[in-house]
Amino acid sequence: MEQVQSKYSVTEIPKTQGIKYTGSKLKLLPHILALSKKISGNFSGNFSSDLKNVSIFDGFSGSTRVSQAYAKTGYKIYANDIAPYTKIFNTAFLLNTNEPNSYRSLIDHLNSLKPFNGWFTEHYGGEEEQVSTNDSRIKKPWQIKNTRKLDVIRDEIDKLGLDEITKAVAITSLIFALDKVDSTLGHFASYLNEWSPRSYSDLKLEVPALWVNENKNVVMNVDIFEALKQLPNDIGIAYYDPPYGSNNEKMPPSRVRYASYYHIWTTICLNDKPQIFGKANRRIDTSDTIAGSVFEEFRKGESGKFIVIEAIEKLIRQTPANHIILSYSSGGRATANELNEVLNSYGKVIEVKKINYKKNVMATMKWTNDWIKETEENNFEYLFWVAK
């Protein structure tokens, strides 16, 4: 583990594993864990207390980096996200109670299968010479040699009749392997004109970086407001990293939704071979006619506020935990003044941390309201500690 010194304590940063993911909190993990330890020390009396007695709700797990870090640090985790691939990752990492090596024979078996042309190859596999034509109709995320392996491996996983956790481990291994040989910018809303260097590598599954969980973590896969109803009353901290949407008025809303960015991972998890559309062969359920998360919404509601602001207000109000850590970007739909008003309406902002990604620096704001004076032209990430 990497050790990061903060003014609160020496924070150990456990290694986590994940796909390339827009908005990943990998670089924020030291600050999130340090702030969480400060808060848990606030109501447990000391920093060396048994963290197994402190439960954390990660309401928007996304790539699951934060949930993994919390779980490996010792907290009991309630991890939720509506995305099917997040459920798969959380199930594999947070619910596993077997030694990682016990999955070796399964992974070796999947790697040994004979490739064939199937549904994924038909829609997402391309030959090397096709992409060089710059014809947008034939740009693909993977070379055909790797989608042929995807076809046989994904079908075999369903045929094996695996238990939920083992199946999740197998699919996680498959997605991680595909993530290493793709030809994208890290999402699947569009593909590169020319093959990326990594796309020439051969797809090979590996056992994910699992560990034996001692806590009885809970994985949820429902809308955030439904998840809040299912939580116990003893949650110590709620960590929220809602999808931000975009404050770019010219950006089509569907193009910045996570469902659009990672539609292929959803299809691989479900293996439902859905109806697809567009140049990127997106799932039909990611089209403009189907609503995304209210936290990605670009319109204003009847109150005159942006719908995302109303959603954050509802989220803070209904959260059962007394302490909330909220991640938010200066590029998000909510403006600084609007967010400040919401956070202080249903609690007290105890501390605000500002992280400048370009300069890779973090600072605690001298006064909690100073953050609203910052220019929103810079790419800052904020961490808010809100006490209800």
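Please refer to the structure higher up on the page.
Residues numbered from 1 in each chain as written. Predicted model: local features only at pLDDT ≥ 70, side-chain atom pairs only at ≥ 80, totals over all residues. Heavy atoms only, no water.

## Here we look at the overall build of the protein chain
For step 1, the next point in the chain: Helix and strand content of the protein chain: 13 helices and 14 strands.
For step 2, the next point in the chain: Sorting the 388 residues of the protein chain into buried and exposed places 54% on the buried side.
For step 3, the next point in the chain: A separation threshold of at least 6 residues defines the contact pool for the protein chain, and within that pool the share at least 24 residues apart is 73%.
For step 4, the next point in the chain: Put simply, the protein chain shows about 17300 Å² of open surface, and 48% of that area lies on carbon and sulfur atoms. (Helix = DSSP H or I, 4+ residues; strand = E, 2+ residues; numbered from the N terminus. Buried < 20%, exposed > 50% of the residue type's maximum accessible area, 1.4 Å probe, protein only. Contact = heavy atoms within 4.5 Å. Areas by Shrake-Rupley, 256 points an atom, 1.4 Å probe, with all protein chains shown as cover.)

## Topic: the packing of helix α7 (residues 144-159) against helix α8 (residues 164-179)
For step 1, the next point in the chain: Two elements in contact, α7 and α8, have axes separated by 10 Å at closest approach and are oriented at 170°. Judged by the inter-axis angle, α7 sits roughly antiparallel to α8. Contact residues: L150, I153, R154, I157 and D158 in α7; K167, A170, I171, L174 and L178 in α8.
For step 2, the next point in the chain: Within the contact of α7 with α8, the residues separate by chemical class into seven nonpolar, no polar and three charged. (Axes fitted to C-alpha atoms, helices over the stretch in contact; angles between N-to-C directions. Parallel < 35°, antiparallel > 145°, perpendicular 65-115°, else oblique. Nonpolar A, V, L, I, M, F, W, Y, C, P; charged D, E, K, R; others polar.)

## Focus on unusual backbone geometry
For step 1, the next point in the chain: Residues other than glycine seldom take positive phi values, yet K273 does so here, at roughly 45°.
For step 2, the next point in the chain: With respect to the element layout, K273 can be found in the loop between α11 (263-270) and β9 (276-277).
For step 3, the next point in the chain: Even without being a glycine, N281 presents a positive backbone phi close to 55°.
For step 4, the next point in the chain: You can see N281 is positioned in the loop between β9 and β10 (282-283).
For step 5, the next point in the chain: N281 sits in the buried class, given a relative accessible area of 14%.

## So, helix α12 (residues 307-318)
For step 1, the next point in the chain: Taking 1.5 Å per residue, 12 residues should reach 16 Å; α12 reaches 17 Å between its end C-alpha atoms and fits that length.
For step 2, the next point in the chain: By the burial criterion, the buried members of α12 are V308, I309, A311, I312, E313, L315 and I316. (Expected span 1.5 Å × (residues − 1).)

## Here's the deal with the packing of aromatic side chains
For step 1, the next point in the chain: Overall, the coordinates contain 19 aromatic pairs when judged by the stated rule.
For step 2, the next point in the chain: For the pair Y21 and Y262, a centre-to-centre distance of 4.8 Å together with 15° between the ring planes defines the contact as stacked. Taken as a pair, Y21 in the loop between β2 (10-13) and α1 (29-44) and Y262 in the loop between α10 (258-261) and α11 lie far apart in primary sequence, 241 residues in all. Across the pair, Y262 and Y21 agree in class, each one buried. (Phe/Tyr/Trp six-rings, centres within 6.5 Å; stacked < 30°, edge-to-face > 60°.)

## Some words on the environment of P197
For step 1, the next point in the chain: Mapped onto the elements of the fold, P197 is located in the loop between α8 and β7 (218-220).
For step 2, the next point in the chain: Separated by 14 residues in sequence, P197 and S183 place their C-alpha atoms 8.1 Å apart.

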